[in-house]
Number of protein chains: 2
Amino acid sequence: MAIEENRAVGESEEDTAVVLIGHGSKLPYGKGVLEELRRRIEMREIFREVRVAFMQLDSPSIEETLRNLAKDGMKNIVALPVFLADGAHTTEDIPEKLKAAFEGAWEEIGRDVNIVYGKPIGVDERIVDILLDRVKDAMPGE
Amino acid sequence: MAIEENRAVGESEEDTAVVLIGHGSKLPYGKGVLEELRRRIEMREIFREVRVAFMQLDSPSIEETLRNLAKDGMKNIVALPVFLADGAHTTEDIPEKLKAAFEGAWEEIGRDVNIVYGKPIGVDERIVDILLDRVKDAMPGE
């Protein structure tokens, strides 16, 4: 198993699985949002598989989702942190879990799996547009 | 001081201040993203003031930003949680801090300030587009 960050590993979109990684929460809202984003990406019919995984509290876990994809024969996985910005979760906690997925008893099944770890959402003019919409939604008379 | 949620309080965009509320982090990335989003919203020249505030770890705090806006004479404030989804932070922690800003010694200065608390980003087709861009950025040959 190799974890690559933005490096060529030879996959195309048609043989790639995408894993949307969420923070996880005691409350149901975050999971609901992530599952709906997953559904909408799946509807675009770009990638062979689109799944969710949660860093904590919600299921499935990151390890579980990666192992299931490997058991289903997926060799190329893009793991995307669905976070607004980098922080300790995206730079430490999630990479640790990506590495842990195919250690020990899972080493064999993960041997040929390439995991590419993407970047969080970050600054984007589309986020600016959304925030302005949310401000206007909250204002009187809207 | 009145905290309103999506209710008419009589303001227009020209006399409204927007506060972008971030999670806060030990690492600098989240603050950098929020400050750049603030700058871009300010550049649109829609609102009288656009400021940032952090729920924890980073400064300024939510209380500090709200008190400074009140001291500057702002009467209408839209406080927007810059989070992807609702969770304990947006439904419990941040509302508590919004309420606490003008309690005790700060009651007088906050008496005429209307705070409208907005909604997080949530499911939005523009988020789907951004996530697809991030997946493609991470893929080989891009």
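Residues numbered from 1 in each chain as written. Chains lettered and ligands numbered in written order. Predicted model: local features only at pLDDT ≥ 70, side-chain atom pairs only at ≥ 80, totals over all residues. Heavy atoms only, no water.

S.K.: Looking at this structure, how should I read the pattern of salt bridges?
M.R.: Side-chain pairs of opposite charge can arise whenever the charged atoms involved come near each other. Taken as a whole and assessed by the stated rule, the structure comprises 26 salt bridges over all chains. Between R51 of chain A and D72 of chain A there is a salt bridge, with the nearest N and O atoms lying 2.8 Å from each other. Residue R51 of chain A is located in strand 3 (residues 49-54), and its partner D72 of chain A is located in the loop between helix 2 (62-71) and strand 4 (76-81); the two are separated by 21 residues in the primary sequence. Look at D72 of chain A and you get partly exposed, because its relative accessible area is 47%. Taken together, the shared-partner salt bridges connect E36, R39, R40 and R44 of chain A together with E125 and D129 of chain B into one network. (Salt bridge = Lys/Arg side-chain N within 4 Å of Asp/Glu carboxyl O. Helix = DSSP H or I, 4+ residues; strand = E, 2+ residues; numbered from the N terminus. Buried < 20%, exposed > 50% of the residue type's maximum accessible area, 1.4 Å probe, protein only.)

S.K.: What should I look at first to understand the side chain of R134 of chain B in this one?
M.R.: Mapping R134 of chain B onto the fold places it in helix 4 (residues 125-138). Of the residues examined, R134 of chain B reaches a relative accessible area of 12% and is grouped as buried. Only 3.3 Å separates the side chain of R134 of chain B from the backbone oxygen of P120 of chain A, close enough to count as a polar contact. Polar side-chain contacts of R134 of chain B include one of 2.8 Å to the backbone oxygen of I121 of chain A. Those residues in contact with R134 of chain B, other than ones at most four positions away along the chain, are L80, K119, P120, I121, V123 and D124 of chain A. (Polar contact = N/O pair within 3.5 Å; in protein donor to acceptor, adjacent residues only side chain to side chain. Contact = heavy atoms within 4.5 Å.)

S.K.: So what exactly am I meant to see when it comes to helix 3 (residues 88-100) of chain A here?
M.R.: In an α-helix, one turn spans 3.6 residues; hence positions three or four apart end up facing the same way. Residues and elements named next belong to chain A. Across its 13 residues, helix 3 extends 17 Å between first and last C-alpha, which sits within 8% of the 18 Å expected from 1.5 Å per residue. At I94, helix 3 shows its largest kink, close to 30 degrees, and the proline P95 lies no more than four residues downstream. Taken together, the buried positions of helix 3 are occupied by A88, T90, I94, P95 and L98. (Expected span 1.5 Å × (residues − 1). Bend = angle between axes of the 7 residues up to and from the residue.)

S.K.: It is not clear to me how the side chain of R67 of chain B should be interpreted in this structure. Could you clarify?
M.R.: All names here are of chain B. Along the chain, R67 turns up in helix 2 (residues 62-71). For the buried R67, no salt bridge exists, and the shortest N-O distance to an oppositely charged side chain is 5.9 Å, to E63. Setting aside residues up to four positions removed in sequence, R67 forms contacts with A100, A101, F102 and W106. (Lys, Arg positive; Asp, Glu negative; His and termini not counted.)

S.K.: Would you take a moment to explain the relation of the copies chain B and chain A for this structure?
M.R.: The second copy of the chain is related to the first by a rotation about an axis and a shift along the axis. Of the transformation superimposing chain B on chain A, the axial component is 0.0 Å and the angular component is 180 degrees, with the fit at an RMSD of 0.0 Å. Here the transformation between the copies is reduced to the relation of a two-fold axis. When C-alpha distances to the rotation axis are compared across chain B, the minimum falls at R126 of chain B, with a value of 3.1 Å. Same-surface contact between copies: 100% of interface residues of chain B are shared with the interface of chain A. (Least-squares fit on C-alpha atoms with pLDDT ≥ 70 in both.)

S.K.: Mind showing me how you'd approach the nonpolar core here?
M.R.: Burial of nonpolar side chains together is a common tendency in soluble globular proteins. In this structure, L20 and L131 of chain A together with L20, F47, I127 and L131 of chain B are the most contacted members of the largest nonpolar core, which totals 51 residues. In contact with I127 of chain B, other than residues within four places in its own chain, are L37, I121, I127 and I130 of chain A together with L84, I121 and G122 of chain B. (Core = buried A, V, L, I, M, F, W, Y, C linked by side-chain atoms within 4.5 Å.)

S.K.: I would appreciate a short explanation of the interface of chain B and chain A in the present structure.
M.R.: At the interface, 58 residues of chain B touch 58 residues of chain A. Overall, the association of chain B and chain A removes approximately 5100 Å² of surface from exposure, summing both partners, and the carbon and sulfur fraction of that is 73%. Here chain B is connected to chain A by 10 salt bridges. Residue D129 of chain B pairs with R44 of chain A through a salt bridge whose shortest N-O separation is 2.7 Å. (Buried area = accessible area lost by both parts, 1.4 Å probe.)

S.K.: Sorry, what's going on with the packing of helix 2 of chain A against helix 3 of chain A here?
M.R.: All names here are of chain A. Between helix 2 and helix 3, whose axes approach to 9 Å, the crossing angle comes to 40 degrees. By the criterion of interaxial angle, the relationship of helix 2 to helix 3 is oblique. In the packing of helix 2 onto helix 3, the handedness of the crossing is right-handed. Across from I62, E63, L66 and R67 in helix 2, the residues of helix 3 making contact are I94, K97, L98 and A100. (Axes fitted to C-alpha atoms, helices over the stretch in contact; angles between N-to-C directions. Parallel < 35°, antiparallel > 145°, perpendicular 65-115°, else oblique. Left-handed = near helix turned anticlockwise from the far one by under 90°.)

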